[in-house]
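If you want the building blocks of each chain, they are given just below.
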Amino acid sequence: MTATARAAARSPQERVFERIDSLGDDLVALTQDLVRIPTVNPPGEAYQPCAEFVGERLRRWGYDVEYHRGLGERGDNDAYPRLNVLGRVAGRSSGPTIHFNSHIDVVEVGKGWSVDPFAGVVKDGKVYGRGTCDMKGGMAASMIAVEAILAERIDFPGAFEISGTVDEESGGFAGVGFLAKRGYFSRPRVDYVIIPEPLHKDCVCLGHRGVWWAEVETLGRIAHGSMPYLGVSAIRSMTRFLEKIESRLYPALEQRQTAMPVIPEGSRRSTLNINSIHGGQVEIPRGSDAAPSPVVADSCRVVLDRRYLIEELPEQVEGEIVALLEECKREHPQFRYAVREILHFPPNMTPDDSPLVQALDAGIRQVFGYDSKHVVSPGTYDQKHVQRVGHLKDCVAYGPGILDLAHQPDEYVGIDDMLASAKVMAAASLRLMGLATP
Ligand SMILES: [Zn+2]
C-alpha cells in the first residue's frame, strides 16, 4: 500500500488526531507567543500587535483575514484602540460555518507570582503566565485544531472562522458585542460558535446566570455636622436600605435554587454582591493629614452586582430592590433615592439537544472515554452578545484550563489538556460537517 493509500484508509478523524499529536511543540510555542504579548485590560494594552500576530498566522494558513476596530464602542480610544481580528477559511463545498471565538485580553497581573507572568515559562508539562488559562491556551488549541484539519487536507464542507476579540473582561462591547451588531455572529454567516474559555476539558458550558448591575443612590440634604437635625443624612438613609437587604433580601435569595448546572455549586442560587459604597465627602487618602469638615452627607451610593437564575423573571430583579426602597420611603417621608442601571444581561442556556452540544459530547467521549459534564458559568462571558445580539442559540464555551486558576497568580494551562481539547474541538467540527467517525 502506498503512503497515500494508507492515509486514505484511515478516517479523517484518525488523521487529524495524529496530526494534533505531532503539533504539540507548535501548540506550546503558539501559546507562549500569545502570552508574551501583554494584552492587559484595563487599559487594553497591546491589542493591535496581538490581533496582527494572530492575523498573520491565520493568513499563512489560507484564511481571509479582516481587522475590525470597535470604533464608537465603550472602551475604544485612540491611545488604546480596540482591534479585533477575524479569519475565515472555506472548504470546497457548502456546509456549516464553525466559529471559534477567543478573547485576547487578560486581567492585570496582581501580586504573588513565582514566574515572570509574560515570559511563557514551560515547567512540568504546563505553560505559565497571565492569560494562559483564561484564555490564550484555549485560543491556541482551537487554532491548532483547525490547522490539523487543513494540514491533513480534509475535504470539508462549509467554513471555519477564528476570531480574537477584545475586552471580554470588561464587558466585550468593543469586541464580540461590536461584531455581533454587524452580523458576524448570526446566521447565515455562522452556524456554530465555540468559545474556548477555561471551563475544563471534559465539560461543555451551556450558558451563564443573568447579571444586573445597578447603582442605588440615596439623597439627603447638606447641613452643618454639629446640627445634623437641620439636614437629612443620605448615609443614614442608605443604612435603612441596606438593613432591609440584609434582613430580607439575602435570606430570600438563599432560598432560590436553580436547575441550571452552575459550577462551582455555591453559585447554584441567586446572589448579590455589594460591590462598593461611597457616601458623604470625597474620601481623604489614607495617611493624609488633611482634616474633614463637618457636613451632613447629601449623597450615598452603592453599586449592586446581582446574579440571577433562569427561573427568575428579569423584571423581578430590579423590582424587588425598588420595592425595598419604596418601603423605606413609606416609613421615612424624607427618604429619597435614585436607581441607575449599569448593565443587564439575562441568563441563557443553550439546549442540550443542540447539534453543537451533541457534537462536543461525542468528541469528549471519544477523546476521554467517558461522558461529558454540562455546566453553566456563574458569571457572563461573550456568549451573551452572540445570543442577545446575534440571536444565535448554538453557542457554548468549551476549552482547556481550570476555571479556578483564571485571574490568579501563577496561572497555567496543561499542555496535555490543550492537546486533548484540540482533539475534541476537531472531532466536534468533523461531526458537524458530516465527517464523523461513528
Ligand atoms: Zn475569559
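Draft legend 1. Seen up close, the overall build of the protein chain. A tally of helices and strands in the protein chain yields 11 helices and 16 strands. Along the longest, intermediate and shortest principal axes, the C-alpha atoms of the protein chain span 100 × 45 × 40 Å. Expressed as a percentage of the 438 residues in the protein chain, the buried residues total 45%. Taking as baseline every contact in the protein chain between residues at least 6 positions apart, the subset at least 24 positions apart corresponds to 80%.

Draft legend 2. Here's a closer look at the sheet that holds strand 5 (residues 126-128). Here we have 3 strands laid out as an open sheet, ordered 4-5-16, and antiparallel in their pairing. Each end of this open sheet is capped by a strand with a single partner; those strands are strand 4 (122-123) and strand 16 (412-414). Of the pairings in the sheet, the one linking strand 4 to strand 5 comprises 2 bridges and is antiparallel in character. Bridging across to strand 5, Val 122 finds its partner in Val 127. Across the sheet, helix 5 (residues 132-151) touches strand 5 and strand 16, and the angle it forms with strand 16 is around 45 degrees. Along the sheet face, helix 11 (residues 415-432) touches strand 5 and strand 16 and points at about 60 degrees away from the line of strand 16.

Draft legend 3. Representation of the sheet that holds strand 10 (residues 271-279). Here 4 strands make up an open sheet; going across it, the order is 10-11-9-12 and the pairing antiparallel. The two strands at the open ends of the sheet, each matched to only one other strand, are strand 10 and strand 12 (336-345). Across the sheet, the axes of successive neighbouring strands diverge by a mean angle of 15 degrees, strand direction being ignored. Pairing of strand 9 (residues 210-219) with strand 12, which is carried by 9 bridges, proceeds in the antiparallel orientation. From the neighbouring strand, Trp 213 faces strand 12, where its bridge partner is Leu 343. Against the sheet, helix 7 (residues 234-255) contacts strand 9, strand 10 and strand 11 (299-308), and its axis sits at roughly 170 degrees relative to strand 10.

Draft legend 4. View of the nonpolar core. Core analysis: the biggest nonpolar cluster contains 98 residues, and Ile 144, Cys 205, Leu 360, Val 396, Ala 422 and Ala 426 have the highest contact counts within it. With 12 residues, the top contributor of residues to this core is helix 11. Formed jointly, this core draws a minimum of three residues from each of two domains, domain 1 (3-208 + 347-432) and domain 2 (210-283 + 291-345). If sequence neighbours within four positions are ignored, Leu 360 has contacts with Val 204, Ser 372, Val 396, Tyr 398, Val 424 and Ala 428.

Draft legend 5. Quick peek at the domain arrangement of the protein chain. Domain boundaries in the protein chain define domain 1 (3-208 + 347-432) and domain 2 (210-283 + 291-345). Inter-centroid distance (C-alpha atoms) of domain 1 to domain 2 is 38 Å. Contacts between domain 1 and domain 2 engage 10 residues on the former and 13 residues on the latter. For the side of domain 1 that touches domain 2, the secondary-structure elements that each account for two or more residues are strand 14 (373-377) and helix 10 (383-388). Looking at the side of domain 1 that touches domain 2, the element that brings in the most residues is strand 14, giving 3 residues.

Draft legend 6. Local environment of the packing of helix 2 (residues 12-22) against helix 11. Where helix 2 meets helix 11, the closest approach of the two axes is 10 Å, and the angle between their N-to-C directions is 155 degrees. By the criterion of interaxial angle, the relationship of helix 2 to helix 11 is roughly antiparallel. For the crossing formed where helix 2 meets helix 11, the hand is right-handed. Only Leu 419, Ala 422, Lys 423, Ala 426, Ala 427 and Leu 430 of helix 11 make contact with helix 2, whose side of the interface consists of Pro 12, Gln 13, Val 16, Phe 17, Ile 20 and Asp 21. Each residue belonging to the contact of helix 2 with helix 11 can be placed in one class, and the counts come to 9 nonpolar, 1 polar and 2 charged.

Draft legend 7. Region of the structure containing unusual backbone geometry. With omega at 10 degrees, the peptide bond leading from Pro 42 into Pro 43 counts as cis. With respect to the helices and strands, the residue Pro 43 is situated in the loop between helix 3 (24-35) and helix 4 (47-60). For the bond running from Ile 263 to Pro 264, omega is -10 degrees, close enough to zero to count as cis. As for its position among the elements, Pro 264 is in the loop between helix 7 and strand 10. A positive phi angle, close to 50 degrees, is found at Asp 124, a residue other than glycine. Looking at the element boundaries, Asp 124 is found in the loop between strand 4 and strand 5. Residue Asp 124 is classed as exposed on the basis of its C-beta count, with 8 C-beta atoms lying within 10 Å. The backbone of Asp 410 shows a phi angle near 55 degrees, a positive value even though the residue is not glycine. Tracing the chain through its elements places Asp 410 in the loop between strand 15 (395-397) and strand 16.

Draft legend 8. How the structure looks around the packing of helix 9 (residues 355-368) against helix 11. Across the interface, helix 9 lies against helix 11 with an axial gap of 8 Å and an inter-helix angle of 130 degrees. Classified by the angle their axes make, helix 9 and helix 11 are oblique. Seen along the crossing, helix 9 lies across helix 11 with a hand that is right-handed. In this structure, helix 9 uses Pro 355, Leu 356, Ala 359, Leu 360, Ala 362, Gly 363, Ile 364, Gln 366 and Val 367 to contact helix 11, whose residues at the interface are Ala 420, Lys 423, Val 424, Ala 427, Ala 428, Arg 431 and Leu 432.

Reading the values: the criteria
Residues numbered from 1 in each chain as written. Predicted model: local features only at pLDDT ≥ 70, side-chain atom pairs only at ≥ 80, totals over all residues. Helix = DSSP H or I, 4+ residues; strand = E, 2+ residues; numbered from the N terminus. Buried ≥ 20, exposed ≤ 12 C-beta atoms within 10 Å, placed from the backbone. Contact = placed C-beta atoms within 7 Å. Pairing = 2+ DSSP bridges. Axes fitted to C-alpha atoms, helices over the stretch in contact; angles between N-to-C directions. Core = buried A, V, L, I, M, F, W, Y, C linked by C-beta atoms within 7 Å. Domains from an automatic or database assignment. Parallel < 35°, antiparallel > 145°, perpendicular 65-115°, else oblique. Left-handed = near helix turned anticlockwise from the far one by under 90°. Nonpolar A, V, L, I, M, F, W, Y, C, P; charged D, E, K, R; others polar.

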